[in-house]
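# Structural overview for review
What follows is each chain in one-letter form.
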Amino acid sequence: MKKYIFATLLGLLMLNVTACDDGRIYPETAATAEGKTVVLEGVLNGLDNWASNYRVSIAGFEDANDDYASVSKVITTSDIKDGKVSIELSGLKSDIKLVRLCILDRLRKHIVTFNEVDVSNATETVRMDVGTVNISMFNAIQQNYFNTTCANCHGASNRAAAGLYLTEGKSYQALVDADSRKVEGKKLVEPNNAANSVLHMVLNQQKVEGISMDHRDLVSEKNELTILPLIDSWINNGAKEK
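All residue numbers refer to positions counted from 1 along the written sequence of the respective chain. Two thresholds apply to this predicted model, a pLDDT of at least 70 for residue-level local features and 80 or more for giving and counting side-chain atom pairs, whereas whole-chain, interface and lining totals are computed over all residues. With hydrogens and water set aside, each side-chain value is computed from the structure's full complement of heavy atoms.

### As for the environment of Ala-51
- As for its placement among the helices and strands, Ala-51 is situated in the loop between β1 (36-45) and β2 (54-61).
- C-alpha of Ala-51 to C-alpha of Leu-230: the two residues are 179 residues apart in sequence and 9.3 Å apart in space.
- Any two residues whose heavy atoms approach within 4.5 Å at even a single point are treated as in contact. With residues near it in sequence (within four places) discarded, Ala-51 still touches Met-137, Ser-233 and Asn-237. Each helix corresponds to a stretch of at least 4 residues labelled H or I by DSSP, and each strand to a stretch of at least 2 residues labelled E; elements are numbered beginning at the N terminus.

Below you can see the structure in the form of structure tokens.
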């Protein structure tokens, strides 16, 4: 009797397995990312010269004044195909209003922006064609600090204070390995040595013999937390132009 019951159960089990395995191959169900998608394309010059404590990123922000990105994806040289970057940031929630080509630190704190697109009303994939962009460390400093804060006195008008030109196209040669006219034995920017560079001393409000002008009003709280560390990092990583 026991053998009969066991044989019956085994037969039913085999019948069930055979019925399920009908020989067909079922495709896997692909997971689809919900939310908005932005595809960034362009030629990014200077992508590989950033210091390791910064990230070239495509990043989403809930507000233009947010200090930190809500979501981001790092752009690396492996994303370059035929000289052009093509990278996708997907699954963006409805509260993301701006997507930026920008620099973030390791905590996703926003440092500088090179390009941005408003996605607040987007309902489908947004193409973000940035063209050709110089995203080098030095150009980030030029565009976001020298041009906006320093050039007014240093070359944008008919004169350059202390003979120092910080306008675009002239600033690099005027700074890097250039002897200071005011501080004997010092260079304005000594590559790989920010602490010994006059530019660092002046912007960080150190008392420098020979320089009487107070630059404190040129350093906002935001610059103190973002641009000044960026300048130091640029110098300590060789003060490259490109």
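### As for the nonpolar core
- We define a nonpolar core as any set of buried Ala, Val, Leu, Ile, Met, Phe, Trp, Tyr and Cys residues linked to one another through side-chain atoms lying within 4.5 Å. Whether a residue is buried, partly exposed or exposed follows from its accessible area with a 1.4 Å probe, protein chains only, as a fraction of its type maximum: under 20%, in between, or over 50%, in that order. One finds Val-99, Leu-101, Leu-230 and Trp-234 to be the most contacted residues of the largest nonpolar core, which totals 58 residues.
- Among the elements that make up this core, the one with the highest residue count is helix α2 (residues 137-150) (7 residues).
- If we skip the residues at most four places from it in the chain, Val-99 touches Val-38, Ile-58, Ala-59, Gly-60, Leu-89, Leu-92, Asn-115, Glu-116, Val-117, Val-119 and Met-128.
- Judged by nonpolar contacts, the second largest core, of 5 residues, contains Ala-59, Phe-61, Cys-102 and Leu-104.

### A short note on α2
- To estimate how far a helix should extend, the number of its residues minus one is multiplied by 1.5 Å. The terminal C-alpha atoms of α2, which comprises 14 residues, lie only 17 Å apart, well short of the 20 Å expected from a rise of 1.5 Å per residue.
- At Gln-143, α2 shows its maximal kink, close to 35°.
- Most of α2 sits inside the fold, with 10 of its 14 residues counted as buried.
- Listed in full, the buried residues belonging to α2 are Met-137, Phe-138, Asn-139, Ala-140, Ile-141, Gln-142, Tyr-145, Phe-146, Thr-149 and Cys-150. To get the bend at a given residue, fit one axis to the seven residues ending there, fit another to the seven starting there, and take the angle between those axes.

### A short note on the pairing of β2
- With respect to burial, β2 is a largely interior element, 7 of its 8 residues being buried.
- What makes two strands pair is DSSP finding at least two bridges between them. Judged from the 8 bridges that link them, β2 and strand β6 (residues 98-105) form a sheet pairing that is antiparallel. Opposite Arg-55, over in β6, you have Leu-104 as the bridge partner.
- Across 4 bridges, β2 lies against strand β3 (residues 71-74) in antiparallel orientation. Within β3, the position partnered with Ala-59 by the bridge is Ser-72.

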